[in-house]
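Next come the chains, spelled out residue by residue.
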Amino acid sequence: MAKIKTTFFCQNCGAESPKWIGKCPSCGQWNTFVEEVIQKTEAKEPWIKSDAHTKKITPKRIADIELGQQQRLDTQNKELNRVLGGGLVPGSIVLLGGEPGIGKSTLLLQVALQMKNQKVLYVSGEESEQQIRMRADRLNLTMSETYILTETNTQRIAQAIRDIQPDVLIVDSIQTMQTEHIESTAGSISQIRESAGEFHKFAKQSNTPVLLIGHITKDGSLAGPKILEHMVDSVLHFEGDRNYGYRILRSVKNRFGSTSELGIYEMQNTGLREVSNPSEILLSHRDQMLSGIAIGSTMEGMRPMLIEIQALVSSAAYGTPQRSTTGFDGRRLNMLLAVLEKRAGFRLGAKDVFVNVAGGIKVDDPAIDLAVVCAILSSNEDIEIDDKTCFAAEVGLSGEIRSVNRIEQRISEAEKLGFERIIISKFNQKAIPKSAKIEVIAVNKVEEVFKYVFA
Ligand code: TYD
Ligand code: MG
């Protein structure tokens, strides 16, 4: 019998070492090295016969390379298409990560069922055929050309792929896959690396797009070796607050598109609904005006979004006033409060200030500064802000109102949603579209804003 070969792998970053060590020299984590068997059997059975040794290989000049028919595959899911940069690129491999229960399996099963004209093979190592069928019924999608295979052995999956010849392959999840070539258990670093390598090879050789689902670790990064993220063409994160129905699909790496795009979904009883107009879910429909609320404009990817900023200012019950934020940077709040004290003469030093971005989303776009400031003052003075007014400007340290990017889009979004007034910076004035029907008020200093808002 051949001698069993083992190596130690860091379970955090995938670093390799011939002997056990306490601290990983690569990522600095303690006690992460685990021994794994890496015995490889000889003569790997290739997915498709390799011609590496027979074919003559010559490098080509870049201009001579034909573009070919690199037509992207429409996933029939607008949000996913957008995040991918216009659809699935043939032969590309996409990794979808997210917390357990966030809806990764639901999203990809839904996509598989929606692609009516493509033959999709959905391989699951996590659920049984019946469970997947039940989920499909719940999603209420008429059965399409979707094949389900519950299998974890990559050699047997390869067999099924050869039989079915799918147009798209979905693997749920890469951590459950196991190749016979390596003896360590499923989910270990070497197994993940090796099975991902096999799917990678399949994608590139057959020009079929492959979607892999990946688990994430406690700290939110994808479980498995870092090399997994290098190997794939795109890494998508599916995230959201479980208390809210919204889910955000974000791309953190994309070889064929921008990473600034976002897809927004709402989890319903019948699966994930695509939210094409995010402001619609983020703005509450109030019947009466309340103080402490201002509407700000933010960009999520290339899309403008209007969100509700809520503030509560009250006299501090204890010695030290509290400042607390959800969805907004706490240090930025402190800065805005200091600006209000110094430049506009509001005494907020002895007050508790709470700021909340409604809808459970996080915003780091400085363009909501002015909305935050106005919400705070509205609460402090107990004067409501007209609910047909919104804000899109940054507030500087000397109380100046600074310009923000993509103002035309922000203005037209506000107009589309029925706002009658938008307050922006003087420096953005040039970019106001001529056709705007909404009243655009351009201001220079924080003090000026109050004249308009709290007149
Ligand atoms: P799932 O796709 O199994 O999550 P993951 O694969 O990321 O672990 O999502 C499961 C959750 O989604 C579960 O808590 C129930 C919920 N859900 C709905 O609310 N509506 C639905 O139609 C479906 C299918 C699931
Ligand atoms: Mg799942």
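Since we're looking at a predicted model, the values are computed, not measured.

**Details of the domain arrangement of the chain**
Domain parsing of the chain yields domain 1 (6-37), domain 2 (77-276) and domain 3 (281-453). Put simply, the middle of domain 1 and the middle of domain 3, counted by C-alpha atoms, are 49 Å apart.

**So, the nonpolar core**
By size, the foremost hydrophobic cluster in this structure holds 45 residues, and its most contacted members are Ile-376, Phe-391 and Val-449. For this core, the secondary-structure elements that each account for two or more residues are β11 (262-268), β14 (303-315), α8 (330-344), β16 (351-357), α9 (369-381), β21 (439-443) and α11 (446-453). Broken down by element, the residue count for this core peaks at 8 residues, all from α9. Residue assignment places this core across two domains, with domain 2 (77-276) and domain 3 (281-453) each supplying three or more. Leave out the neighbours within four places in its chain, and Ile-376 touches Ala-311, Val-313, Leu-333, Leu-337, Leu-340, Leu-348, Val-353 and Val-355.

**What about the packing of helix α2 (residues 104-114) against helix α3 (residues 129-139)?**
For the pair α2 and α3, interaxial distance at closest approach is 10 Å and the crossing angle is 70°. One element, α2, and the other, α3, form an angle in the roughly perpendicular class. Along the contact surface, α2 presents Ser-105, Thr-106, Leu-109, Gln-110 and Leu-113, while α3 presents Ile-132, Arg-135, Ala-136 and Leu-139. Here the residues of the contact of α2 with α3 sort into 5 nonpolar, 3 polar and 1 charged.

**Thoughts on unusual backbone geometry**
Following Asp-172, the chain continues into Ser-173 via a peptide bond in cis, with omega recorded as -5°. Its place among the elements puts Ser-173 in the loop between β7 (168-172) and α5 (189-206). Although it is not a glycine, Gln-165 sits at a positive phi angle of roughly 55°. Following the sequence through the fold, Gln-165 ends up in the loop between α4 (154-164) and β7.

**Overview of the pattern of salt bridges**
Counting across every chain of the model gives 19 salt bridges. A salt bridge links Asp-233 to Arg-255; its shortest N-O distance comes to 2.7 Å. Here Arg-255 lies in the loop between β10 (246-254) and β11 and Asp-233 lies in the loop between α6 (226-231) and β9 (234-239), a separation of 22 residues in the sequence. Assessed through its relative accessible area of 2%, Asp-233 is described here as buried. Take Arg-255: its relative accessible area is 45%, and that puts it in the partly exposed class. Put simply, Glu-239 and Arg-250 hold a salt bridge, and the shortest N to O gap is 2.8 Å. In this pair, Glu-239 is assigned in strand β9 and Arg-250 in strand β10, connecting sequence segments 11 residues apart. Look at the salt bridges and you will find they share partners, linking Arg-332, Asp-369, Glu-394, Glu-400 and Arg-402 into a network.

**Considerations on the site of ligand 1**
Close to ligand 1 lie 15 residues, the nearest being Gly-101, Ser-105, Thr-106, Gln-268 and Gly-271. Here an oxygen atom of ligand 1 and a backbone polar atom of Gly-103 are 3.0 Å apart. In this structure, a nitrogen atom belonging to ligand 1 sits 3.2 Å away from a side-chain N or O atom of Arg-138. Look at ligand 1: alone it shows 560 Å² of surface, and the protein chains cover 75% of it. Of all the secondary-structure elements, those providing two or more residues to the shell around ligand 1 are α2, α3 and β11. By residue number, the principal contributor to the shell around ligand 1 is α2, which donates 3 residues.

Definitions and limits used
Residues numbered from 1 in each chain as written. Chains lettered and ligands numbered in written order. Predicted model: local features only at pLDDT ≥ 70, side-chain atom pairs only at ≥ 80, totals over all residues. Heavy atoms only, no water. Domains from an automatic or database assignment. Core = buried A, V, L, I, M, F, W, Y, C linked by side-chain atoms within 4.5 Å. Buried < 20%, exposed > 50% of the residue type's maximum accessible area, 1.4 Å probe, protein only. Helix = DSSP H or I, 4+ residues; strand = E, 2+ residues; numbered from the N terminus. Contact = heavy atoms within 4.5 Å. Axes fitted to C-alpha atoms, helices over the stretch in contact; angles between N-to-C directions. Parallel < 35°, antiparallel > 145°, perpendicular 65-115°, else oblique. Nonpolar A, V, L, I, M, F, W, Y, C, P; charged D, E, K, R; others polar. Salt bridge = Lys/Arg side-chain N within 4 Å of Asp/Glu carboxyl O. Near = heavy atom within 4 Å. Polar contact = N/O pair within 3.5 Å; in protein donor to acceptor, adjacent residues only side chain to side chain. Areas by Shrake-Rupley, 256 points an atom, 1.4 Å probe, with all protein chains shown as cover.

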